[in-house]
Structures are given as structure tokens and as C-alpha cells.
Amino acid sequence: MMLEEFSAWFVWIIPLIASLFVPVIGKYSEKARNYFVIAIAGIVGVLALSLVPSVWSGEGEAITYTIPWISGFVEAGVYIDSLSVLFTCLVAFFALIIAVYSQGYMKGEEGLTRYYYLLLLFIGSMIGLVISDNMLQMFIFWEMVGLCSYALISFWYKKPESIHSGVKVFIMTRIGDIMLLAAIAILFYMFGTFSFHGVIEGLQSGVFNTELMVITAFLVLGGAVAKSAQFPLFTWLYSAMEAPTSVSALLHAATMVKAGIYLLSRFILIFAAAPALIVALQPYWFPTISWIGVITAFIGATLGLMTTDIKGVLAYSTVSQIGFMMAGLGTAMAHTTDVAMSTGWFASLFHMVSHAFFEGLGFLLAGGIIHALGTRDMRLMGGLKKAMPLTFALMIIMIVTTSGLPPFAAFFSKGLILTSVMDAGSLIQTILIFAATAITFAYCIRMFSLVFMGKPSEHISKIHVHEAPKIMLVPAAILAALCIVWGIAQPYIASFMHIELEHTLLGAFTSAETPIFLLLLLPAFLLAYASYYKNFMGIRKIAAGKNPLTAILNHAYFIDDLYYGIAKGINGFSAALTRFENALFAHIPDKVGSDISDAAAPGHVMTLKKGPSDSFRNYVAAAVLGFILIMVLIVLTVGFGGI
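In this text, all values refer to a predicted model and were calculated from it rather than measured experimentally.

Novice: Which residues make up the packing of helix H9 (residues 210–227) against helix H12 (residues 256–271), and what values go with them?
Specialist: Packed helices, taken two at a time, are described by their axes: the angle between them and the distance between them. Where H9 contacts H12, the axes come no closer than 7 Å and their chain directions differ by 160°. Overall, the two elements H9 and H12 adopt an arrangement that is roughly antiparallel. For the pair H9 and H12, the crossing hand works out as left-handed. Residues Met213, Ala217, Val220, Leu221, Gly223, Ala224 and Lys227 of H9 touch H12, and the partners they reach there are Met256, Val257, Ala259, Gly260, Leu263, Leu264, Phe267 and Phe271.

Next up, the structure:
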């Protein structure tokens, strides 16, 4: 077995198997358990990096290794290309960062054995998702990632809000899972395989139904929208802030919310095997992706201006930044059918890694602040510049990177996305995406001012504020360094991804987008600076007052209100149906029993023990639902039979 093949299999198998040993080791020694988790994360990182050379030196063709799995049906396998290896390395890197950081942030918490078990299971599942060579295997890991995220978000299960958040995340992401499963089923029906290579070969043959493939593409998009918290299914991500901050950093930086970006990136590569299919997707599918991304980027940025929760700002920042990535993917094939010539496809992935560094840094620093102050409310902060100087310095790097200022990472990655959107030719999308960049700077300045500048709050004056422990600051410092240097790695990453990028590093400074971008930042900075650093009350009074805009932002565009209203309506309908069933079926079991008794022994009185009143109704309901399901499947089968 070659090193490449060994690494591709064991980079996800090892953390999955190791997770089973965490409870055993933790039973005897907490310190050994902690070192074990860090060691496993380190091994996974080494295995991930060992996959880089063969991909970099290759011709851009994917390599697969398979073993028998379900006899005569599907094989288990790994799929090695630049996309899967990029995600594998990112996930493995953050696994180590979070494993080390958790030693300080989670110290003293109850249930740490459960926490580290889920952490390794999560890492193995996410790497398994991005390196799987077939859709069935990928979907299994897709669901495992969802289950682990639910369990980690609900880690503090004694808090009702944690349980509520976990359930909300689980339910909302299931919407996308159903759509993705439907897409996989259609592809299997059309091509008779779950294999990525098999689907690509089927598309290259030209024997496929274009209309059905377009429907499949939209179902895939639905899966990505839910998993990556995009409009209109983005509200779960803010609720997920009830998780420990270390989990939030992992979720946002490299794992669950990036799974949707991976999914779309992977299927764009698959669809590109048939240029005719790309042409069919260009009028509707790609613009839909772009519109979802641009709208989400704008909405997430505006909501980041309103929340007083420091983790909430970072959550909405993630929503917004993933919107930028979606916008890039939406422009991926605006003027080409060759992914190797796609600036938008590369820009999205390059910004995905940039975001991992600066948003991960933000969460690690926020964790240190929460650790020191015992609160997430920025109104109870202020004046932390002197008390937490290292956190203050690292936060400056995070702020300027998030804002896209040169020469930090996001300046280059976000600049490529802005270029892609402008080149696609939609004026409204261009205006919205530039507005989102300006608002990003504004909410960053607001957060920075509320937390570090001004006078300390009364809450701070009552406690002894201290810098975060070194074991929490060192991982943050590593991410800060990457925020500085990642941007200049752009040509090397393009080479690794086998992308023929026309834009150079110098061109990023001289492009038409840069002066527009910098000019837009100036008013955003002045407004945020005057309002939150100089305490100019004009804007703050408007924001705190009663007006339609404030109401919309305070209710997150009323999207959650709509969902809860729908849920309430469903519950009301269910209650009405239950009452109807009670009235219709409550006496049937007794009546049937009496008739049977009379038929068996006429004139003989038999006393029947009354059974549970719901039993018969439940049986009837199950039978009816089963019948309906069978009929639906028959209709679908007959309907697809003519395709």
C-alpha cells in the first residue's frame, strides 16, 4: 500500500476508531485522555499533509482507492483530488488547534470525556465526508456530521436553551438533507451508480436527461443552503452559539457550515464533465446560487450590526462570509465551461480558507474574553485594552482581516470574489456585495469599540480581569500569523488547485474593485467610529429607537417568526386532527369487541377489558400513512419510468 493510499484511508478512520477509546482512557486518567486526543489530532494532521505532494505534482486528475463494501451494489472508497485534500488539510489543522485550545477553555467542565469523544467523532466524520469517493458514503458522513453537531451544540444539556438550539439546528438542517438524499436517488436512478467517477462517465457519454439533471442541481443546492446556513435557512447558526466557544470555532472555521460549500464545489466539478449541462445550468442554477450568496452576505452583515452578543456578531459574520463564498460559486461558470479557468470557483475556496483563519481567530479570542468576564454581552464589556493586551493585539489582526484590508488574507480572497461578481454583470448583485463589505467593516469596528475601547463597565470593575491562559493564546496567535501570510500564498494555492488564474497579487492592488472597496470603507468606519468610540449618540439612538428598520433587524428579518408561526400552525392542525380521531375512532374497538363476542356466544354477556383508547387510532393512522407512502412511491416510479 502506497503512503498516499494509506493516508487517504486512515486520515478519517483513525479519529473514528480513536473516539471509541476516549471513554476507556478517560475512566482511568483525565490527563492521559487529553494527551491522547491531542496526539490523535496531530497524527491526523500529518496524514492530511502527506496527501499534498501527489496532488500538487499531478495533472489535476482525481485518484480513487476502493474496497468491497455492499457486495454487487457499491464499494467504499476515497477520492483524492485538490478539492478533497484542501478540505482534509483544513479540517485536520483545526482539529489540532481546537484540541489544544480546549485544554484551557474547557478545563474543569463536566462531561469532558463525552466532549472529546464527540470531537474526534466529528473530525473523522467531516474528513470522511470530503474524501469519500461515492455519494452514499458521503451522505452517511453528512448525517454523522449533523448528529455530532447537534450533540456538541447541546453539550450543556442542563441548560434549556442549549437543548432548544441543538434541536433547532438538527431540524432545520434536515430540510437540506432530504433534498440532498433526493438528488442522490435521482442520480443513482439515471446512472446506476453512487460513484463520482461513474456519474462523471455517464455525463461524459452525453446520455442523460437535461431537465432532470437541472432539478437534481437545485436539490443539491437545497442541501448546501441548509448545511451552510444560507438564506432563508440561516437562523439556526445564531442559535448554535449556545455551544461551547471551542465548538463554535470548529463549526464555523472548518467543519459543518463549510460542508455546503464543499458540496457545491464538488458537484460543479462533476457537472463540468458535460459542457452541455453547464450551458443548461447557466441561465438559472448558477444565478440562483449567486443571488442566495449575495442576499445572505448582505443580511448577515446587517444583523451583525445589531446583536450585543460577541459570539452572535461572529455567527452573523460567518453567515455573511459564507454568502460571499456562495456568490463566488454562483459566478464560477458565467463565461466558461472549464473549471480550470474559473476565477469564481477558486475565489470561493480561497476565501473559505481565509475565513477559517480569521473567524477561527475571532472565536478563540472571544472564548478568552468570555472565559475572563463570564459574559457574552458586549454592553458589559469595554476598556479591555489594558487588561488583555495580547488579546487586544490579536483582535486587531482579526478585525482588519475580516474587513478585507490589505495586505491581509481576506483582501486577496474577497477581492477575487468582488471581481467575479462584477464580471458576471449584475449591477444589483454588485451593489449588494460591496454594501456587505462596507457593513462588515462597520460591525467589526463596533465590536472592537464596545469590547476594548472606552471605560470599563460596572461589571468589569467588580471582577479581576486577566489575560487568557497561554494554551488558549498560542493557537490564536498561530491563526493570526496565517491571517497575515495566507493572502500571498494565492498563486501557490492556485497551482495546487490546478487553476489558471489570470489575476496576480499586484493586480489585486491595481484592480478597479480596490478603490471602490476602500472608498466604501471610509464612511462605514467614520459612522462606527463616531458612534461606538466617540460615543456620538445620534446613530445609536436611531438604532435603539422604534422604527421599521430597527424592528426588522431586531427580529432577524422576521424569518424565525415565520418558521415558529408555521410550526405553531402545524401543531394546531395536529391537535385538531387528534380531536377528530378521538371523536371518530374512540368507541370502535369496544363496538368491534362486542360484535365479536355476540357472534361467538349469542346471549352471553362477556366483559371486555378496555384497552388503551389510542391504540386503534394509532394503528389506523399508521396504516393510512403507510398506504399513502406506497401510493406516492408508485406514482414516482411510474412518473420516472418514462424519463
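Moving on from the coordinates now.
Novice: I'd like a description of unusual backbone geometry, backed by residues and values.
Specialist: With an omega of 5°, the peptide bond running from phenylalanine 231 to proline 232 counts as cis. Residue placement: proline 232 occurs in the loop between H9 and helix H10 (235–239). Cis geometry marks the peptide bond from proline 406 to proline 407; its omega dihedral reads 0°. On the secondary structure map, proline 407 appears in the loop between helix H18 (389–403) and helix H19 (409–424).

Novice: Report on the packing of aromatic side chains, specifying residues and quantitative values.
Specialist: The tally for this structure, following the rule as stated, stands at 26 aromatic pairs. Centre to centre, the rings of tryptophan 9 and tryptophan 12 are 6.1 Å apart; their planes meet at 45°, and the pair counts as tilted. Placement of the pair is tryptophan 9 and tryptophan 12 together in helix H1 (residues 3–28), with a separation of three residues, close to one helical turn. Like tryptophan 12, tryptophan 9 is buried. Aromatic pair tyrosine 115 and tyrosine 116: ring centres 5.1 Å apart, planes at 80°, arrangement edge-to-face. Judged by its relative accessible area of 0%, tyrosine 115 falls in the buried class. Residue classification places tyrosine 116 among the buried residues on the basis of a relative accessible area of 1%. The residue whose ring lies beneath arginine 266 is phenylalanine 196, and the NZ or CZ to ring-centre distance is 5.7 Å.

Novice: Let's hear about a nonpolar patch on the surface: which residues, and what values?
Specialist: Taken together, the side chains of Leu147, Tyr157, Ile163, Val167, Phe170 and Ile171 make up a nonpolar region of the molecular surface, amounting to roughly 520 Å² of accessible area. Among the structural elements, valine 167 can be located in helix H7 (residues 160–191).

Rules of the game
Think of each chain on its own: its residues are numbered from 1, step by step along the sequence as written. For a predicted model such as this one, the threshold for reporting local features is a pLDDT of at least 70, and the threshold for listing and counting side-chain atom pairs is 80 or more; totals across whole chains, interfaces and linings nevertheless cover every residue. The side-chain quantities take in all heavy atoms of the structure and omit both hydrogens and water. Working convention: axes come from line fits to C-alpha atoms, limited for helices to the stretch in contact. Angles between N-to-C directions cover 0 to 180 degrees. A run of H or I in DSSP counts as a helix once it spans at least four residues, and a run of E counts as a strand once it spans at least two, with each numbered from the N terminus. Geometric relationships in this document are graded by angle, where less than 35 degrees denotes roughly parallel, more than 145 denotes roughly antiparallel, 65 to 115 denotes roughly perpendicular, and other angles denote oblique. It is the rotation of the near helix from the far one that decides the hand of a crossing: anticlockwise by less than a right angle makes it left-handed, clockwise makes it right-handed. We call two residues contacting when some pair of their heavy atoms lies within 4.5 Å. Under the pairing criterion, centres of Phe, Tyr and Trp rings, with the six-membered ring standing for Trp, must be within 6.5 Å; the plane angle then separates stacked pairs below 30 degrees from edge-to-face pairs above 60, leaving the rest tilted. In this scheme, a residue with accessible area under 20% of its type's maximum is buried, one over 50% is exposed, and one in between is partly exposed, where area comes from a 1.4 Å probe on protein chains only. Only lysine NZ and arginine CZ atoms are considered, and such an atom sits over a ring when it is within 6 Å of the ring centre and within 35 degrees of the ring normal. By definition, no residue in a patch forms a salt bridge, and every one has over 30% relative accessible area; like charges are joined within 9 Å, nonpolar side chains (Val, Leu, Ile, Met, Phe, Trp, Tyr) within 5 Å. For the accessible areas, the method is Shrake-Rupley and the probe is 1.4 Å, while residue cover comes only from the protein chains on display. The salt bridge criterion pairs a side-chain nitrogen of Lys or Arg with a carboxyl oxygen of Asp or Glu, the two atoms within 4 Å.

Scope: geometric values only; no functional claims are made or implied.
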